[in-house]
Amino acid sequence: MYSTKENVNILTALLVKEGITKAVVCPGSRNSPIVHNLCACPDIECYPVTDERSAGFIALGMTLADNEPVAVCVTSGSALLNVAPAIAEAFYQKRPLIVISADRPAQWIDQQDGQTLHQHRALEPNVRKSVTLPEPHNDEERWHCNRLVNEALNAVRLNGSGPVHINVPITEPLFDYDVLQLPDERRTVLYPAVTDDTRVYEMAADFFCGEKPMIVLGQLIPEVVGNSLEAIEELKKVAVVIQEKLADDSICPAQPIDEVLKMISDDSAYRPDHLIYIGGTIVSKRLRQFLRKCECRMSIIVNEEGDCCDTFMHATDIIQGSAEEVIGIFANETEGVEKKDFVTLWDEVFDKAKAIRETIKPRFSQLLAVKAFHEKMREEAVDGELFYGNSSAVRLGNIFSDQYIYVNRGVNGIEGSLSTAVGYAIAHQDEEDVYCVIGDLSFFYDQNALWNESLSPNLSILLLNNAGGGIFHQLPGLERSPYRDSAVAAHHTASAEGICQTHDIVYLSAHNEEELYKNLDKLFNAEEGPVLLEVFTNAEEDAQALKDYYQAF
């Protein structure tokens, strides 16, 4: 029988899956659920040691004997600090030591309760990884607990070896042991993507054995996408490749990702069984939610740090490597692979969504402004660089853009979007034009980017001004708050005209469809710059236009 503490059982199950066979255990009441589980587990042999300082070094000695990870378990309070000398030694010897500490609930830290101190990160900087497990109450918290243990266990062997610290808060009662068996926890395995590691090539071959393979490309720098274009085209022949314009440097229409997801709804036929996620963030919330519902037999994450960035909540493998390298490895394994019906299924629905998109003629709105902007780019054969602001702006860009979009999606904040475009324009002022499509809050927040003696004439700005945070008019339920416009959406009456006069920027404006098309022509054919076109729309009309757009699918 095992403890009733769910985080303890998740930890124990993953220790077994990691192949941990030795644990040094120290006395204590708070860590008794952990010690009980380790002793009850037939796969793990436990060695009781009373003195924590000695226990740490004994575990270190065991790692020296067979170069396999060893766990050492201590109770709460100063007991943890006593293993610090052994951990420091293990860190500099690069030995695989797993420190497991029981902890008091967070609400009792600094409350003069017994054996309490700040245990999270207490052993840093002499550990590779520090995690504190939640006490799960729902599926998301259980996923979080599983992910944290996987991260710590992978860090033990990452880039050589080294110690890690897993801190386990445990609430009372402590001494219930009536769980019959450990949960079947998902172990996320880490692989280095090096050319002489055959396991990654084998994984790539196994990936294409799936009936429903899908590759999702998150944000990538243009150079990586450009260098990988041929490989990506090979992948598209045998797998569904999903990529927003943050990861697509080809001059072709944007994939109608959200539109397709609206069309297919909950149809399980479109859900992948094998999935690989390469690159940074994706904008589409619909796509994240769709993929989180998928039960994939193989779900691979790729990043250069080997981090367990489990966006879709079901990762089975992590490949530590560059996007370009892994895309190349997987593309090399497509030879002889036949196109799956799953790929044809997605190709057909993508084509259908593109056809519908071509027929849509929005009312005067930000949706129309961005659509017309990109139509004009095509008509004028403009070959400039595109920068988008966050929130509504980049979502509209992902609908209509024909080319790669730069956007600050590392954190997704609105600050600095204009400054980033200005910086790029300054660095490339003799090479290419730079276009920035930005919402009003992002623009006014960052207007000091234009207070700049180095401001380059190759910069053009499409400012979408609907007098506040337009995206807040698209969030169901928020309309019930009487403070939505004034406090949440930051309603305002500001215009950029005075700012443009101050900084010697050509100013254009549009209040209707006729003015929009006329001044877009001026924007793209201005004899001097910088130039800014401010499009004034109504937030409610913008929200309705977007609603009508998706209703068409």
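Located above this text is the structure these notes cover.
Small disclaimer: the values here were computed from a predicted structure and weren't measured. (Residues numbered from 1 in each chain as written. Predicted model: local features only at pLDDT ≥ 70, side-chain atom pairs only at ≥ 80, totals over all residues. Heavy atoms only, no water.)

Caption draft 1: Quick look at the overall build of the chain. A count of helical and extended segments in the chain gives 20 helices and 18 strands. Looking at the chain residue by residue over its 553 residues, the buried ones come to 55%. A sequence separation of at least 24 residues applies to 76% of the contacts in the chain between residues at least 6 apart. When the accessible area of the chain is evaluated, it comes to approximately 24,300 Å², of which 48% is carbon and sulfur surface. Averaging the coordinates of the 46 positive side-chain charges in the chain and doing the same for the 85 negative ones gives two points 5 Å apart. (Helix = DSSP H or I, 4+ residues; strand = E, 2+ residues; numbered from the N terminus. Buried < 20%, exposed > 50% of the residue type's maximum accessible area, 1.4 Å probe, protein only. Contact = heavy atoms within 4.5 Å. Areas by Shrake-Rupley, 256 points an atom, 1.4 Å probe, with all protein chains shown as cover. Lys, Arg positive; Asp, Glu negative; His and termini not counted. Charge placed at Lys NZ, Arg CZ, Asp CG, Glu CD.)

Caption draft 2: Layout of the layout of surface pockets. Put simply, the second largest pocket is a space of about 400 Å³. Gly279, Gly280, Val302, Asn303 and Glu304 are the residues nearest the centre of the second largest pocket, which is lined by 20 residues in total. Of all the secondary structure elements, the ones that give two or more residues to the lining of the second largest pocket are strand S11 (298-303) and helix H11 (323-332). Of all the elements, S11 adds the most residues to the lining of the second largest pocket, at three residues. Residues of the lining of the second largest pocket, tallied by class, amount to eight nonpolar, eight polar and four charged. (1 Å grid on protein atoms, 1.4 Å probe; cavity = no way out; pocket = protein on both sides within 12 Å on 5 of 7 lines; lining within 4 Å. Points joined across faces, edges and corners; volume = space filled by probe spheres on them. Nonpolar A, V, L, I, M, F, W, Y, C, P; charged D, E, K, R; others polar.)

Caption draft 3: A look at the packing of aromatic side chains. Scanning the entire structure with this criterion turns up 20 aromatic pairs. Here the aromatic rings of phenylalanine 208 and phenylalanine 330 are separated by 6.2 Å at their centres, their planes lie at 65°, and the arrangement is edge-to-face. Residue phenylalanine 208 is found in the loop between helix H6 (198-207) and strand S8 (213-217), and its partner phenylalanine 330 is found in helix H11; the two are separated by 122 residues along the sequence. The class of phenylalanine 208 is buried, set by a relative accessible area of 3%. Owing to a relative accessible area of 2%, phenylalanine 330 belongs among the buried residues under this scheme. When the ring of tyrosine 549 is compared with that of phenylalanine 553, the centres are 5.1 Å apart and the planes differ by 65°; the resulting orientation is edge-to-face. Put simply, the rings of Tyr270, Phe290, Phe342, Trp346 and Phe350 touch in pairs and so form one group of aromatic residues. (Phe/Tyr/Trp six-rings, centres within 6.5 Å; stacked < 30°, edge-to-face > 60°.)

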